[in-house]
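Letter by letter, the chains look like this.
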Amino acid sequence: MHLLENIQLALEGLRANKMRSLLTMLGIIIGISAVIGIVTVGNSMTHAVTDQMQALGATNIIVNVQQRGGGMMDMGPPPTPTESDMITEEMIEQFAALHAQYITAISLSAAGGNGRAEEGRLFANVSAIGVNPGFALANNVEMLNGRFINDGDVLSRRYTAVVSHRFVENMFPHGGDPLGQEVRVNIGASAQTFVIVGVYEHIPMGAGMGFGPAADNINIRTDMYIPITTMNMITGATPRQYLMFTVMAEPTVDFNVFEGQIRRFFGTFYQNNPRFTVTTFSMDMMLNATEEIMGTLAVAVAVIAGISLIVGGVGVMNIMLVSVTERTREIGTRKALGARNISIRIQFVVEAIIICAIGGILGVILGVIMGYVGSMLLGFPGFPSIDIIIIAVVFSMMIGLFFGYYPANKAAKLDPIEALRYE
């Protein structure tokens, strides 16, 4: 019997027993749809997380002062860095000049605490941050109007401010150009007056992953950027000395090599410091670790869901054994007419493969729908790759081959005389 005839015979058998065939396929359908749905949602989450991290600065390297030998097992409070332990602006300038070809920008910042801008009944909550011009590039600040803090602001210690569009909506509800307008902001125990020179777009943390904060636009707290020198003057912090800063590296830089160069450069200034040293941490390292973790989780969950495919395969084997029993006289008749064992075996194997292939196709369709709906509900709709679809269908057919071989082999070994006598 030719392969095409076996396929036609298998399809006729499925049409003759529609409900039984559907129930047989159910395990395959559930297994394939679960695997595709989970992989789709997992991939979409991975892309969302990596995109969010890249937006935060995939090429950023954080340089900070850290206690030597500090670990979880150390007893007692960690020592407090003094002025002599800090990174000076002269060190940063020397580093920038020596490695200029590897650097896109250097970001310096100083937190000033939470504050509140008020004018009559209008108000806006802010987190005041002192920054240098490189902060905008390293932190992907998207300007909507005006400009960011520049070198002139920093050198002259100007009381200029860059505010968010949410700040503008709260403080200028009737419209109008906020640039050049003065706002009075309470920072700590004092109130300071700043001139707005720029407006940036505020993007809540996690908004790109579908679970951003639910704060209303009236009470939301957004960052307000002022010159870092002005912030140091307001807070009384030590000028030109830092515990941490960020290097935005060129995209073509080898991060492992460059981080080693950073540690070696600053290590020369800290080689005689018994308490502190300089360490580095890159977003690229965190990005790779996150992708690896998300990929491992997706594979692990998909494998767990794939166990249902084994259950489905057992169901296929069971129904094929029933089919062999029901068609015992048919098998005996075919053998009496000269059918070879291999022909009988192929017939039942093909039938099992067809059952699993159709179940696999239905599972793919259901899995694509489930994956799209699930990822859309989480805020990042996506579709499975063609590769996973092909693998799923082929895998379902392999299940049919594996679990269909035993019933097919049993049918092929039936004695024709005994089969003809079977009632």
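Residues numbered from 1 in each chain as written. Predicted model: local features only at pLDDT ≥ 70, side-chain atom pairs only at ≥ 80, totals over all residues. Heavy atoms only, no water.

Asks: Lay out the packing of aromatic side chains with the relevant residues and their values.
Replies: If you walk through the whole model with that rule in mind, you get 14 aromatic pairs. Both rings, one in Phe95 and one in Phe266, keep their centres 5.4 Å apart while their planes meet at 40°; by these two values the pair is tilted. Residue Phe95 is located in helix H3 (residues 89-98), and its partner Phe266 is located in helix H8 (residues 255-270); the two are separated by 171 residues in the primary sequence. Summarising the burial analysis for this pair, Phe95 and Phe266 share the class buried. Relative to Phe194, the ring of Tyr159 has its centre 5.5 Å away and its plane inclined at 35°; by these criteria the two rings are tilted. Residue Tyr159 is found in the loop between helix H5 (151-156) and strand S7 (160-164), and its partner Phe194 is found in strand S9 (residues 190-200); the two are separated by 35 residues along the sequence. The structure contains a cluster of three or more aromatic residues connected by ring pairs, namely Phe95, Tyr102, Phe245, Phe258, Phe265, Phe266 and Phe269. (Phe/Tyr/Trp six-rings, centres within 6.5 Å; stacked < 30°, edge-to-face > 60°. Helix = DSSP H or I, 4+ residues; strand = E, 2+ residues; numbered from the N terminus. Buried < 20%, exposed > 50% of the residue type's maximum accessible area, 1.4 Å probe, protein only.)

Asks: Which residues make up the confidence of the model for the protein chain, and what are the values?
Replies: Keep in mind that low pLDDT regions are not for reading the predicted coordinates in detail. Summarising the model, the protein chain shows a mean pLDDT of 82, and 89% of its residues fall at 70 or more. When mean pLDDT is compared element by element in the protein chain, S7 scores highest at 96, while helix H13 (residues 416-421) scores lowest at 68. This model gives residues 208-214 a pLDDT under 50, and the stretch forms 15 contacts once residues within four places in sequence are excluded. (pLDDT = per-residue confidence, 0-100. Contact = heavy atoms within 4.5 Å.)

Asks: Now, about helix H10 (residues 328-336): what can you tell me, with residues and values included?
Replies: Within H10, the full set of buried residues consists of Thr328, Ile331, Gly332, Arg334 and Lys335. Projected down its long axis, H10 carries its buried residues within an arc of 165°, all on one side. (Arc of directions from axis to C-beta.)

Asks: I'd like a description of the pattern of salt bridges, backed by residues and values.
Replies: Scanning all chains against the criterion turns up eight salt bridges. The shortest N-O distance in the salt bridge between Arg116 and Glu118 comes to 3.2 Å. Judged by its relative accessible area of 30%, Arg116 is partly exposed. A residue is classified by how much of its surface remains accessible, and Glu118, at 42% relative accessible area, is partly exposed. Among the ionic pairs, Asp153 bridges to Arg158, the shortest N-O distance being 3.1 Å. (Salt bridge = Lys/Arg side-chain N within 4 Å of Asp/Glu carboxyl O.)

Asks: Break down the sheet that holds strand S1 (residues 60-67) for me, citing the residues and quoting the values.
Replies: The strand order S3-S12-S1-S13 describes an open sheet built from four strands, whose pairing is antiparallel. Either end of the sheet is taken by a strand with one partner, and the two such strands are strand S3 (103-107) and strand S13 (276-282). Averaged over all pairs of adjacent strands, the angle between their axes in this sheet comes to 25°, without regard to strand direction. Looking at chain direction, S1 and strand S12 (residues 244-249) are connected through five bridges and run antiparallel. Counterpart to Ile61 in the pairing with S12 is Val247. Lying over the sheet, H3 contacts S3 and S12, oriented at roughly 170° with respect to S3. Contacting S1, S3, S12 and S13, H8 runs over the sheet at an angle of about 165° to S13. (Pairing = 2+ DSSP bridges. Axes fitted to C-alpha atoms, helices over the stretch in contact; angles between N-to-C directions.)

Asks: A description of the nonpolar core should follow, citing residues and the corresponding values.
Replies: A general trend in soluble globular proteins is that nonpolar side chains are found buried together. Core analysis: the biggest nonpolar cluster contains 57 residues, and Ile87, Met224 and Phe266 have the highest contact counts within it. Considering each element in turn, this core owes the most residues, six residues, to H8. Residues in contact with Ile87, not counting those within four places in the same chain, are Val63, Val65, Ile92, Arg240, Gln241, Tyr242, Phe245, Phe266, Tyr270 and Val278. (Core = buried A, V, L, I, M, F, W, Y, C linked by side-chain atoms within 4.5 Å.)

Asks: Residues and numbers for the pairing of S3, please.
Replies: Counting buried positions over the five residues of S3 gives four, a clear majority of the element. Across four bridges, S3 lies against S12 in antiparallel orientation. Counted as the bridge partner of Ile103 is Ala249 from S12.

Asks: Give a description of unusual backbone geometry that names residues and reports values.
Replies: Notably, Arg157 is not glycine yet its phi reads approximately 55°, a positive angle. Using a relative accessible area of 45% as the deciding quantity, one classes Arg157 as partly exposed. Positive phi values are uncommon outside glycine, yet Arg240 reaches one of about 60°. Mapped onto the secondary structure, Arg240 falls in the loop between helix H7 (228-235) and strand S11 (241-242).

Asks: Tell me about the side chain of Thr246, and name the residues and values.
Replies: Examined against the element boundaries, Thr246 turns out to sit in strand S12. Residue classification places Thr246 among the buried residues on the basis of a relative accessible area of 16%. Not counting the four nearest positions on each side in its chain, Thr246 is found in contact with Asn60, Ile61, Ile62, Ala105, Ile106 and Ser107.

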